Structures are given as C-alpha cells and as structure tokens.
Amino acid sequence: MKKDNIQNLGFLVLFLCIVITLFFLGTIIFFVVVRGAKVISLSFLFEAPRRAMTEGGVAPAIIGTFYLTLGAIIFALPLGVACAIYLCEYSPKSFVVNIIRMSINNLAGVPSVVFGLFGLAVFVKFFNFGVSILSGSLTLGILVLPSIISASQEALLAVPRSIREASLSLGASSWQTIKKIVIPTALPGILTGVILSIGRIAGETAPIMFTAATFYIKKYPSSIFSEVMVLPYHIYALMTEGTHPDKQTAIAYGCALILLILVLFVSALAIVIRQRQRSYHHA
Amino acid sequence: MRIKETIYKWIFTIFAFASLLFLVGIVVVLFKEGLPIFKHVKLVAFLFGKSWYPTYEPAEYGILPLIMGSVWVTVGAVLVSVPLGVGSALYLDELASYKQKAILKPIIEILASIPSIVFGFFGMVIVAPLIQRIFKLPVGLCALTASIILGVMAIPTICSLAEDALSYVPRSFREASFALGANRWQTLTKVVVPAAGSGVSTSIILGVSRIVGETMTVLMVSGGAAMIPVSFFQPVRPMTATIAAEMGEAAMGSAHYHALFAIGLILFLVTLVFNIIAELISRRFRIKLGLNR
Amino acid sequence: MHNGTRIKISNVSFYYGNLKVLSNISMDIYKNQVTAIIGPSGCGKSTFIRLLNRMNDLITKSKLEGSIYLDNKDIYKAKEDVVAIRRLVGMVFQKPNPFPKSIYENVAYGLEVNNIKDKAFIEHRVIESLRKAALWNEVKDRLHDSALKLSGGQQQRLCIARCLAVDPEVILFDEPCASLDPVSTKKIEELILELKSDYTIVIVTHNMQQAARVSDFTAFLYLGELVEFGHTEKIFTVPKNKKTEEYLTGKFG
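### Considerations on the overall build of chain C
Part 1 of the reasoning: Along the backbone of chain C there are 10 helices and 10 strands.
Part 2 of the reasoning: Taken over the C-alpha trace, chain C has a radius of gyration of 18 Å; the compact-globule value for 253 residues is 18 Å, and the two agree within 12%.
Part 3 of the reasoning: A principal-axis box enclosing the C-alpha atoms of chain C has dimensions of 55 × 45 × 35 Å.
Part 4 of the reasoning: Here chain C holds 253 residues, and the buried ones make up 53% of them.
Part 5 of the reasoning: In chain C, the proportion of contacts linking residues at least 24 apart, taken out of those at least 6 apart, comes to 68%.
Part 6 of the reasoning: Between the mean site of the 35 positive side-chain charges and the mean site of the 30 negative ones, chain C shows a separation of 3 Å.

Encoded structure:
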C-alpha cells in the first residue's frame with residue numbers, strides 16, 4: 001500500500017510542475033494580450049510615434065524589424081545552406097570537417113550579446129557601415145548562421161543514401177543529384193530551420209543595440225545605411241528612457257503583443273511543418 | 001559538363017569557408033579587442049577586483065561583482081527552471097495521455113521562442129512591483145526577480161530537450177521493470193531516469209548556458225548595481241547586462257571598451273565550456289542507448 | 001553459345017583502406033546474356049558489381065588494382081567520364097529506391113539529367129520503359145501520383161523502368177529481390193529473362209535457385225576470390241571446385 005502512496009505523491013508533484021509551468025507562461029501571455037490589445041488599433045500599426053513617444057503608432061519599428069529580419073535571412077540563408085551542402089555532400093568525412101561541425105554546434109550556444117560585440121567591432125567600426133540596417137542585418141545573420149547550418153545539415157543527412165546512388169547510377173552528375181534530388185527532398189527540413197531562425201531574429205535585442213537600433217527617428221529608413229527603430233529595442237527604450245512612464249508602458253504592451261504574435265505565429269508554423277514531415281517519414 | 005561540376009564545387013567550398021571565416025572571426029575579434037585591457041589591469045585584478053568603476057578617474061576594472069551577479073542570478077534561475085522543466089518533461093513523457101502530449105509538447109516548443117525582451121518587459125511591469133510589495137523591498141528590481149524571470153524563460157528549453165531524451169529510452173527497459181513487479185513510479189525513478197540521465201543533464205546544461213548568456217531580461221530586471229550581492233533581494237549587474245548597458249557609451253579603443261570585450265570573451269569561454277560538456281555527455285548518452293546519430 | 005565479350009575484368013583487386021575485399025578477379029561478361037554472381041554474404045559480390053559502373057567511387061579511401069574494360073575501353077582510365085559510363089551501365093539496387101517524386105518524374109529523371117528537352121520524346125520513352133518493365137498497366141491511370149505510394153514490388157519495377165529509360169546497354173541488378181515477396185520476385189525474374197534480348201545483364205543474388213532460373217553464366221565468389229566461373233547448368237550440375245559444390249549443396253552459406 002505504501003508503495004502506491006509514494007507513487008501517487010510523485011505523480012502529483014509532476015502534475016504540479018507542468019501546471020505551474022503552464023501557469024507562469026500563460027500569465028505572461030495573458031497580461032501581454034489583454035493589456036496590449038487595448039492599445040492596438042489600425043493607427044497604432046500604421047502610424048509613426050508622436051509627442052516624444054507618448055502617442056501615435058509604432059509603424060517605423062514594425063518596418064525596421066521587417067527590414068532587419070529580411071536582411072539577415074538574405075545574408076544567412078544562402079551562406080548557411082551552401083555551407084551545409086559543402087559539409088554534407090562535397091567534403092570528405094575527415095577530421096577537419098568534424099572540427100568544423102563541432103565549432104558550428106558550439107557557436108550556436110554563444111550568447112547573443114557577444115555577437116553584438118562582434119558586429120560592433122567589425123561591421124560598425126572596421127567596415128565603417130555605422131549603426132545601420134546593414135550592420136544589424138549582418139550581425140543577426142551571423143547569429144543565426146549556426147542554426148541554419150545545423151538545421152540544413154540535419155535535413156541533408158536525412159536524405160537516404162540510396163536515392164543519391166540511384167540518381168548517380170542514371171548518369172546524373174553530383175551537382176545534378178544535389179539540385180534535383182537532395183535539396184528538394186531536404187527542403188521541408190531546411191525551411192523549418194529557416195522559419196525558426198526568423199522567429200529568433202525578430203525577437204533578438206542585444207545584438208542590434210549597438211549595431212542597428214535607435215530609440216527614435218523621425219524618418220522612415222531610406223537606405224541600408226540608415227539607423228532603424230526595431231520592435232524589441234523599442235520596448236526596451238520605452239521602459240528605460242523618456243519622461244512619461246505611464247503612457248510609454250501602454251505603448252510597450254502594444255509592441256510586446258505585436259512581437260509575441262509575430263514570433264509565436266512563425267514558430268508555430270515551423271513546428272507544424274516539422275510535425276507533418278515527421279509523420280510523413282514514419283508512414 | 002565537368003568544368004561546370006568543378007565550378008559548383010568551388011562555389012560551395014568558398015561559401016563554406018566564408019561562413020567559417022565569420023565564425024572564427026568572432027573568436028579573433030573577442031581576443032583582439034579584449035586582450036588590450038590587460039595593458040591597463042592585470043588578469044588577476046581584472047577577474048578578482050571588487051570594484052567596477054569604469055568611468056571614474058582613475059577607473060577601476062574589477063569584474064568580480066559582475067561575475068558574482070551572473071552567478072547569483074544563474075543559481076537562482078536554475079533552482080526555478082530545473083525542477084519545473086524536468087518535472088514537466090517527466091509528466092509529458094510518463095503521465096500525459098497521447099492526446100495531451102500531442103498538444104502540450106508543441107505548445108512548450110512554441111513557448112520556447114518567446115523573445116527575451118517580452119520576459120524582461122513582463123518582469124519589469126508585473127513581477128518586480130509584486131516582489132517589492134511581498135517582501136517590502138525598496139525596489140523590486142533585484143537578483144530574485146531576475147532569477148524567477150530567467151528561470152521561467154528557460155523552462156521550455158529544458159523541458160523540451162529533456163523530454164526528447166526521455167522519449168529515447170527504449171520501451172523494453174520499462175517493460176522489463178514492470179515484469180519484475182515494479183510500479184510506474186519505481187520504474188520511472190529507478191529505470192527511466194537513470195537511463196535518460198545523461199540526456200537530461202545535457203538539456204540542463206544547455207538551459208544553464210542559455211541563462212548565463214541571456215542579456216535583455218537581466219538588463220531590465222536585475223537592478224543594475226555593480227556590487228557583490230549578499231542576498232537575493234539586492235540588485236545585481238550580471239556580465240551580459242554590463243556589456244549591453246555600457247557599450248553604447250564606451251569610446252572606441254578606450255580601456256572601458258576593451259574591458260567590455262574582455263567580459264564578452266569570458267562569457268564566450270564559459271558558454272563554450274558548457275556546450276562542450278553538453279556535447280560530450282550527449283555523445284555518451286547516444287552510445288549508451290545505442291542511438292547512432 | 002554467346003556473341004562476344006561486353007565487359008572484360010582483368011586481374012581486379014579492390015581495397016577498403018588496407019582491407020583487401022576482392023582479390024585478383026578475371027572474368028568476361030558476355031553480350032545479351034545473364035551473368036549471375038553468387039556467394040555467401042560478405043563474399044564481396046555487391047562490391048564487385050558496383051565496380052562495373054564505378055559506384056564505389058563514392059567510397060573514400062578505396063583503391064582498385066587491375067582493369068575493367070567495357071567494349072575494349074578501360075572504364076577506370078582517368079580520361080573516361082564516369083557520368084558517361086553510368087549512362088551505359090544502369091543499375092537496380094537491393095532495396096527499391098524511388099525518388100520522392102511522381103511515377104512519371106521518376107522515369108523521366110534520367111532523361112532530364114542527360115539534357116533531353118523534347119517533351120514528346122520523353123513521354124514516349126517513359127511509356128515505353130514502363131511497358132518494358134511490366135508496370136504500365138498498373139500505373140497508367142496515376143502517372144502523377146507519388147512513387148512512394150506504390151507497393152514494394154511495384155517500386156522495384158519502377159526502378160527498373162527508370163533504369164531502362166536512359167537506354168543503357170548493360171544493366172546491373174544488385175540483389176533486386178532481397179526485400180520482395182515471392183510473387184513480386186517471380187515478376188522481376190520474368191522481366192530479366194525478357195530484357196536479356198536487348199541488354200547485357202549482371203545479377204548479384206544470394207538465392208541459388210534464382211541464379212539457376214535466370215542466368216546463362218554463373219560466377220561463384222568466396223572470401224573475395226572468384227572460385228569458379230562458367231555456364232550456369234555446368235556449375236550447378238558438375239561443379240569443378242569442391243568449395244562450389246559445398247556451397248551449392250548448402251554445406252555453408
């Protein structure tokens with residue numbers, strides 16, 4: 001009898017763990033949604049801020065987030081996928097390649113603020129791109145490069161050897177095999193990785209603090225060398241700078257909600273694609 | 001035809017080495033920009049100096065308060081996230097019905113992507129005032145608040161990775177235990193958890209690594225005082241927050257600038273060690289369970 | 001009995017790193033005949049057949065000694081184009097390995113990668129190949145369905161059709177029935193006998209009855225060496241070598 005009591009107690013504790021976890025995370029989402037929804041309106045989404053950030057919308061920050069994310073993906077996607085293709089398809093399985101793989105894995109765990117330092121030293125200062133969309137995009141691009149490489153590698157490795165051999169045996173060259181068989185088969189996996197990266201880039205703040213973001217700018221960005229307002233940094237700035245904390249907090253709730261919807265939607269999309277892919281492989 | 005093949009191969013080689021160049025570049029830049037601080041201050045004095053006054057005259061660059069800030073916040077966050085994360089993973093793996101798991105696992109994975117700035121913001125507007133009221137503190141922004149927020153933030157990561165590890169334990173292990181008359185709890189604690197142990201520890205280490213490197217949350221809720229904390233109710237200034245808060249003001253090439261890069265270098269090395277340990281353990285885990293990948 | 005040598009294998013040895021897996025093999029493969037390679041598992045028969053279309057090139061740290069001539073050309077000479085060789089020497093693998101594409105695209109693939117653009121010609125060739133592979137009647141109404149929806153036996157015949165579409169002269173079968181049921185196996189065997197009039201065929205099999213049923217010539221490999229080679233009925237009725245006799249009578253294997 002005692003044995004079962006311990007079991008019941010143990011199971012109760014585990015049940016509480018998941019309940020507490022979901023409660024905490026649910027609370028965050030609840031507050032952001034309820035309070036954010038109050039300020040979100042069409043003018044909040046499509047207008048520029050007014051009166052020192054206490055009124056108006058956050059359109060420039062939404063646009064800035066879009067530009068930075070787009071720039072980072074344009075930079076990191078070809079580079080990362082090409083790197084993964086080289087590692088999986090062309091390079092011999094040597095010691096050097098293993099070292100490269102390990103360093104890519106490790107770089108995926110480097111704190112994002114460290115990438116910010118790199119971007120500052122290299123893009124802002126050394127290449128003299130200044131605090132700009134370009135510097136920020138490149139920094140964010142490098143930040144997600146390891147995850148794009150590992151996701152692509154995983155997807156490429158999952159392509160069975162047998163169908164590569166079939167393609168080669170029909171007289172296809174290795175490039176034709178990669179282009180027509182390997183990449184199309186690996187595409188859903190690569191896409192999942194890329195979409196997850198988009199979610200991550202859109203929410204990153206630390207790496208763009210000193211490479212791209214500015215608290216307040218009157219004009220919309222005109223070139224890749226412009227500074228930009230960005231949603232996550234805008235939240236930070238609203239909470240730590242300025243003179244009307246109450247009004248600014250309300251706006252910050254709105255920004256947080258937009259960011260949350262964006263990121264959760266994107267990662268839900270990626271997870272749905274992955275789930276489908278899994279069931280396809282098991283079928 | 002052959003020429004085309006060779007060209008493609010070269011294009012990929014160049015791309016691959018370009019990405020490597022960037023990644024290696026990070027290490028090079030951190031060393032190049034970080035090491036010059038040791039012209040101003042000795043390594044021991046830098047690591048163990050008790051005062052961080054980078055803008056005073058004369059400036060002092062002792063990062064012990066920052067290190068201790070990171071340590072306190074990390075320990076606090078681990079106390080929150082590990083029990084809840086692993087406990088939730090055990091629930092998902094062992095108790096949840098197939099349907100529950102099919103819903104909860106993706107939800108937890110999706111929650112793992114909530115940006116840290118949202119956590120920081122929530123900590124600032126909701127949790128900090130609450131902590132201030134409950135414990136009657138002068139300010140709510142302190143190590144405790146940072147620990148709670150960071151801990152909650154790391155739960156989805158730890159839970160999701162730990163659940164993966166648990167799900168790799170072959171069903172035959174469980175069946176063998178049931179066949180010997182063990183109940184589910186005994187099977188869980190004596191067979192499943194030990195078998196998945198190294199996989200679960202990998203998830204914990206990766207979670208801790210994420211906590212150590214987290215910036216925006218601690219920048220917003222830890223209070224920002226660069227002193228060695230003696231209790232969880234004091235404000236602290238972890239290393240990441242220091243870099244984020246001060247880099248904007250540090251003049252390029254100044255001692256302060258180099259000091260911040262040196263802190264970045266230390267952060268880099270610490271997370272590198274965590275990741276290498278995690279990789280080694282998970283490799284052993286895969287061998288132990290006969291998973292070849 | 002036969003009309004000329006198609007492939008001449010001369011003193012071939014093959015190494016994985018330092019491990020010698022094939023040792024000094026010499027034999028001829030004759031035109032429009034079925035040559036079976038038999039032997040216990042691990043004897044090197046799969047490695048051997050994969051040398052004939054240079055499939056082992058994919059394995060790093062492997063080394064070949066000796067020469068293999070296809071119509072008097074040494075296929076391992078540096079100036080020979082491996083892609084051109086694989087076009088002449090088609091291959092069907094142990095496990096059916098259709099591409100995750102439609103049935104039609106699977107068969108058309110080989111033509112596409114060989115830069116054939118004429119749509120009408122491709123369509124004609126796809127239908128012809130599916131007919132030759134005795135699959136046409138089963139798939140003619142669903143050419144654009146995924147090939148992965150076909151049964152194992154159908155998939156294997158699709159792989160044969162895919163191979164036929166590029167119009168090779170030699171077809172290598174590497175244990176084509178290893179993962180198939182008896183009914184599908186019978187269909188594939190009938191197909192091989194039909195294809196013989198147009199192609200030169202080499203088949204690896206661990207199934208001695210299969211070798212006896214489909215082949216004109218049989219080579220018995222054991223521990224990387226060619227023990228005996230000759231007319232199939234002779235090998236099966238009056239083997240010269242004691243090892244061959246022991247294998248055929250089930251003493252080991």
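Next, the rest of the story.
### Here we look at the overall build of chain A
Part 1 of the reasoning: Helix and strand counts for chain A stand at 11 helices and 2 strands.
Part 2 of the reasoning: With respect to the principal axes defined by its C-alpha atoms, chain A has extents near 70 × 70 × 35 Å.
Part 3 of the reasoning: With 283 residues in all, chain A has 56% of them scored as buried.
Part 4 of the reasoning: At a minimum sequence separation of 6, the contacts of chain A that also span at least 24 residues come to 73%.
Part 5 of the reasoning: Of the roughly 11900 Å² of accessible surface on chain A, 69% is carried by carbon and sulfur atoms.
Part 6 of the reasoning: Computed over 20 positive and 10 negative side-chain charges, the separation of the two mean positions in chain A equals 5 Å.

### Points about the packing of aromatic side chains
Part 1 of the reasoning: Counting across every chain of the model gives 27 aromatic pairs over all chains.
Part 2 of the reasoning: Here the aromatic rings of Y257(B) and F261(B) are separated by 4.9 Å at their centres, their planes lie at 55°, and the arrangement is tilted. Residue Y257(B) and its partner F261(B) are located together in helix α11 (residues 255-288), separated by 4 residues, close to a single helical turn.
Part 3 of the reasoning: Here the aromatic residues F118(A), F123(A), F126(A), F127(A), F129(A) and F225(A) are joined through ring pairs into a cluster of three or more.
Part 4 of the reasoning: Positioned over the ring face of Y76(C) is R54(C), at 5.1 Å from the centre of the ring.
Part 5 of the reasoning: Over the ring of Y15(C) we find K63(C), and its NZ or CZ is 4.6 Å from the ring centre.

### Topic: the environment of R142(C)
All names here are of chain C.
Part 1 of the reasoning: Here R142 shows up in the loop between α5 (136-139) and α6 (152-165).
Part 2 of the reasoning: Along the sequence, R142 and P96 sit 46 residues apart, while their C-alpha atoms lie 19 Å from each other.
Part 3 of the reasoning: The contact partners of R142, leaving out residues within four places of it in the chain, are I103, L150 and Q154.

### Concerning the sheet that holds strand β4 (residues 62-70) of chain C
Strand pairing in a sheet relies on backbone hydrogen bonds, with the paired strands running either antiparallel or parallel.
Part 1 of the reasoning: Taken in spatial order, the 4 strands make up an open sheet running β2-β1-β4-β5 (chain C), and their pairing is antiparallel. On the outer flanks of this sheet lie β2 (19-30) and β5 (73-74) of chain C, each paired with one strand and no other.

### A word on the pattern of salt bridges
Should the charged atoms of two oppositely charged side chains come close, the side chains can pair.
Part 1 of the reasoning: Taken as a whole, this structure holds 28 salt bridges over all chains when the rule is applied.
Part 2 of the reasoning: Here E165(A) ties to R161(A) by a salt bridge, and the two come within 2.9 Å at their closest N and O atoms. Of this pair, E165(A) and R161(A) are both found in helix α7 (residues 161-169), 4 residues apart, which corresponds to roughly one turn of the helix.
Part 3 of the reasoning: You can call E165(A) buried: its relative accessible area is 7%.
Part 4 of the reasoning: Note that R6(C) is salt-bridged to D71(C), the shortest N-O span being 2.8 Å. With a gap of 65 residues between them, R6(C) in strand β1 (residues 5-16) and D71(C) in the loop between β4 and β5 connect regions that are remote in the sequence.
Part 5 of the reasoning: Overall, D71(C) belongs to the partly exposed group, its relative accessible area being 35%.
Part 6 of the reasoning: What emerges from the salt-bridge pattern is a single network uniting K101(B), K105(B), E109(B), E163(B) and D164(B).

### Quick look at the interface of chain A and chain B
Part 1 of the reasoning: Contacts between chain A and chain B engage 81 residues on the former and 79 residues on the latter.
Part 2 of the reasoning: Between chain A and chain B, the buried area comes to about 7100 Å², and carbon and sulfur atoms account for 81% of it.
Part 3 of the reasoning: Our enumeration of links across chain A and chain B arrives at 0 salt bridges.
Part 4 of the reasoning: Linking chain A with chain B are 10 residue pairs in polar contact (both at pLDDT 80 or more), by the criterion used here.
Part 5 of the reasoning: Sorting elements by how many residues they give to the side of chain A that touches chain B places helix α1 (residues 2-39) of chain A first, with 21 residues.
Part 6 of the reasoning: Considering only residue class, the side of chain A that touches chain B consists of 58 nonpolar, 17 polar and 6 charged.

### Comments concerning the nonpolar core
Within soluble globular proteins, side chains that are nonpolar generally end up buried alongside one another.
Part 1 of the reasoning: If you look at the biggest cluster of nonpolar residues, it comprises 195 residues, and the most contacted ones within it are F46(B), F121(B), M247(B), I263(B), I9(C) and L52(C).
Part 2 of the reasoning: For this core, the element with the most residues is helix α3 (residues 59-90) of chain A, which contributes 16 residues.
Part 3 of the reasoning: For F46(B), the contacting residues outside a window of four places in its chain are I37(B), F38(B), V41(B), Y61(B), G62(B), I63(B), L64(B), A259(B), A262(B), I263(B) and I266(B).

### Observations regarding the packing of α1(A) against helix α6 (residues 143-167) of chain B
Part 1 of the reasoning: Look at α1(A) against α6(B): their axes get within 10 Å of each other, and the N-to-C directions meet at 115°. As for how α1(A) packs across α6(B), the hand of that crossing is left-handed. Side by side, α1(A) and α6(B) meet where T21(A), F24(A), L25(A) and I28(A) of the first sit next to V152(B), I155(B) and P156(B) of the second.
Part 2 of the reasoning: Looking at the contact of α1(A) with α6(B), its residues break down into 6 nonpolar, 1 polar and no charged.

### Quick word on unusual backbone geometry
Part 1 of the reasoning: Despite not being glycine, D71(C) shows a phi value in the positive range, around 50°.
Part 2 of the reasoning: Of note in the backbone geometry, N115(C) takes a positive phi value of approximately 65° without being a glycine.

### Points about the confidence of the model for chain C
Part 1 of the reasoning: Of the residues in chain C, 98% have a pLDDT of 70 or more, and the chain-wide mean is 90.
Part 2 of the reasoning: Interface confidence for the predicted complex, expressed as ipTM, amounts to 0.88; the pTM equals 0.85.

### A few points about empty space enclosed by the protein
Residue and element names in this part refer to chain B.
Part 1 of the reasoning: Scanning the model with the defined rule gives 1 cavity of 30 Å³ or more in all.
Part 2 of the reasoning: By volume, the largest cavity is sized at about 40 Å³.
Part 3 of the reasoning: Lining the largest cavity are S70, V73, T74, L150, I211, V212, E214, V218, P238 and T240.
Part 4 of the reasoning: For the lining of the largest cavity, the secondary structure elements donating two or more residues are α3 (64-95) and α8 (184-213).
Part 5 of the reasoning: Ranked by the residues each element gives to the lining of the largest cavity, the list is headed by α3, at 3 residues.

### What about the side chain of E228(C)?
All names here are of chain C.
Part 1 of the reasoning: Along the chain, the position of E228 falls in strand β10 (residues 225-231).
Part 2 of the reasoning: At 2.8 Å, the side chain of E228 and the side chain of T244 are in polar contact.
Part 3 of the reasoning: The residues contacting E228, other than those within four sequence positions of it, are T218, A219, F220, I235, P239, K240, N241 and T244.

### Side note on a nonpolar patch on the surface
Residue and element names in this part refer to chain A.
Part 1 of the reasoning: Taken together, the side chains of L9, L12, V13, F15, L16, V19 and I20 present a nonpolar region at the surface, about 590 Å² in accessible area.
Part 2 of the reasoning: Relative to the helices and strands, I20 resides in helix α1.
Part 3 of the reasoning: The exposure class assigned to I20 is partly exposed, which follows from its relative accessible area of 34%.

### Some details on the pairing of strand β9 (residues 217-222) of chain C
Residue and element names in this part refer to chain C.
Part 1 of the reasoning: Taken across its 6 residues, β9 has 5 buried, putting it largely inside the fold.
Part 2 of the reasoning: Here strand β3 (residues 34-38) pairs with β9 via 4 bridges, running parallel. Looking at β9, one finds that I38 is bridged to F220.
Part 3 of the reasoning: Sheet topology places β9 next to β10; 6 bridges connect them, and they run antiparallel. Paired with L221 across the two strands is L226, which belongs to β10.
Part 4 of the reasoning: As consecutive antiparallel partners, β9 and β10 are separated by 2 residues, and within that stretch L223 has a phi angle of approximately 50°, a positive value.

Rules behind the numbers
- Residues numbered from 1 in each chain as written.
- Chains lettered and ligands numbered in written order.
- Predicted model: local features only at pLDDT ≥ 70, side-chain atom pairs only at ≥ 80, totals over all residues.
- Heavy atoms only, no water.
- Helix = DSSP H or I, 4+ residues; strand = E, 2+ residues; numbered from the N terminus.
- Rg over C-alpha atoms; globule rule 2.2 N^0.38 Å.
- Buried < 20%, exposed > 50% of the residue type's maximum accessible area, 1.4 Å probe, protein only.
- Contact = heavy atoms within 4.5 Å.
- Lys, Arg positive; Asp, Glu negative; His and termini not counted.
- Charge placed at Lys NZ, Arg CZ, Asp CG, Glu CD.
- Areas by Shrake-Rupley, 256 points an atom, 1.4 Å probe, with all protein chains shown as cover.
- Phe/Tyr/Trp six-rings, centres within 6.5 Å; stacked < 30°, edge-to-face > 60°.
- Lys NZ or Arg CZ within 6 Å of the ring centre and 35° of its normal.
- Pairing = 2+ DSSP bridges.
- Salt bridge = Lys/Arg side-chain N within 4 Å of Asp/Glu carboxyl O.
- Buried area = accessible area lost by both parts, 1.4 Å probe.
- Polar contact = N/O pair within 3.5 Å; in protein donor to acceptor, adjacent residues only side chain to side chain.
- Nonpolar A, V, L, I, M, F, W, Y, C, P; charged D, E, K, R; others polar.
- Core = buried A, V, L, I, M, F, W, Y, C linked by side-chain atoms within 4.5 Å.
- Axes fitted to C-alpha atoms, helices over the stretch in contact; angles between N-to-C directions.
- Left-handed = near helix turned anticlockwise from the far one by under 90°.
- pLDDT = per-residue confidence, 0-100.
- 1 Å grid on protein atoms, 1.4 Å probe; cavity = no way out; pocket = protein on both sides within 12 Å on 5 of 7 lines; lining within 4 Å.
- Points joined across faces, edges and corners; volume = space filled by probe spheres on them.
- Patch = residues over 30% accessible without salt bridge, like charges linked within 9 Å, V, L, I, M, F, W, Y side chains within 5 Å.

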